[in-house]
Amino acid sequence: MDNMLVTMEESTRNEALTITNASQVISNSRPDRSRKAITIRNIADDATKIITVNFGAQQATANAGIVLRQYESVSDSSETGYECFQGTITAVCAVASVTADLTIFER
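### Re the packing of aromatic side chains
- Overall, the coordinates contain one aromatic pair when judged by the stated rule.
- Each ring, one from Phe 55 and one from Phe 85, has its centre 5.3 Å from the other, and the planes form 70°; the classification is edge-to-face. With Phe 55 in strand S4 (residues 51-55) and Phe 85 in the loop between strand S6 (73-77) and strand S7 (89-93), this residue pair connects regions lying 30 residues apart in the sequence.

### Looking at the sheet that holds S6
- Judged by pairing direction, the sheet is antiparallel, and its four strands sit side by side in the order S1-S8-S3-S6 without closing on themselves. Each of the sheet's edge strands pairs with one partner strand only, and the pair in question is strand S1 (13-19) and S6. Neighbour-to-neighbour, the strand axes of this sheet turn through a mean angle of 15°, independent of strand direction.
- Direction of pairing for strand S3 (residues 37-42) relative to strand S8 (residues 100-106): antiparallel, over a ladder of five bridges. Paired with Ile 40 across the two strands is Ile 104, which belongs to S8.

### Thoughts on the pattern of salt bridges
- Applying the stated rule across the entire model yields five salt bridges.
- Between Glu 106 and Arg 35 there is a salt bridge, and its shortest N-O distance comes to 2.6 Å. Here the residue Glu 106 occupies a position in strand S8, and Arg 35 occupies one in the loop between strand S2 (24-27) and S3, the gap between them amounting to 71 residues. For the residue pair Glu 106 and Arg 35, the accessibility class agrees, reading buried in each case.
- The salt bridge partner of Asp 45 is Lys 49, with a shortest N-O separation of 2.8 Å.
- Bridged by salt links that share partners, the residues Arg 13, Glu 15, Arg 30, Arg 35 and Glu 106 form one connected network.

How each quantity is defined
Each chain has its residues counted from 1, running along the sequence as written. Totals for whole chains, interfaces and linings use all residues, but because this is a predicted model, local features are given only for residues with pLDDT of at least 70 and pairs of side-chain atoms are given and counted only at 80 or more. Neither water nor hydrogens contribute to the side-chain values; these are computed over all heavy atoms in the structure. Ring pairs are drawn from Phe, Tyr and Trp, using the six-membered ring of Trp, whenever the two centres fall within 6.5 Å, and their geometry is named by plane angle: stacked under 30 degrees, edge-to-face over 60, tilted for the rest. Helix and strand definitions follow DSSP, with helices as H or I runs of at least four residues and strands as E runs of at least two, each counted in order from the N terminus. Pairing between two strands requires that DSSP report at least two bridges joining them. For helices, the fitted axis covers only the stretch in contact; all axes are lines through C-alpha atoms, and the angles between them, taken along N-to-C directions, range from 0 to 180 degrees. The term salt bridge refers to a side-chain nitrogen of Lys or Arg lying within 4 Å of a carboxyl oxygen of Asp or Glu. Only protein chains enter the accessibility calculation, which uses a 1.4 Å probe; a residue is then buried when its area is under 20% of its type maximum, exposed when over 50%, and partly exposed in between.

Here you go:
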């Protein structure tokens, strides 16, 4: 194995999810593999489709937490002296009987 070069690609997630009015986990806790960055963006097709995001063990509650209106986003990332949030992240759509879409970039 002379001069063998091994390249490991960093694991990333680029995904779109549909959110309902029932709180759901959009990113699991990361105790074994550190999350370095996350961006969550509301890409709903209608301005009335508001998504609330919760960082932590409790379920997301509509309009109580990080409220994302159409095209708004929230981000967190590690930097010198600060580690990106590693716990569970949940989301909920504020409008009953309606779904909204969000995108997640995570590494």
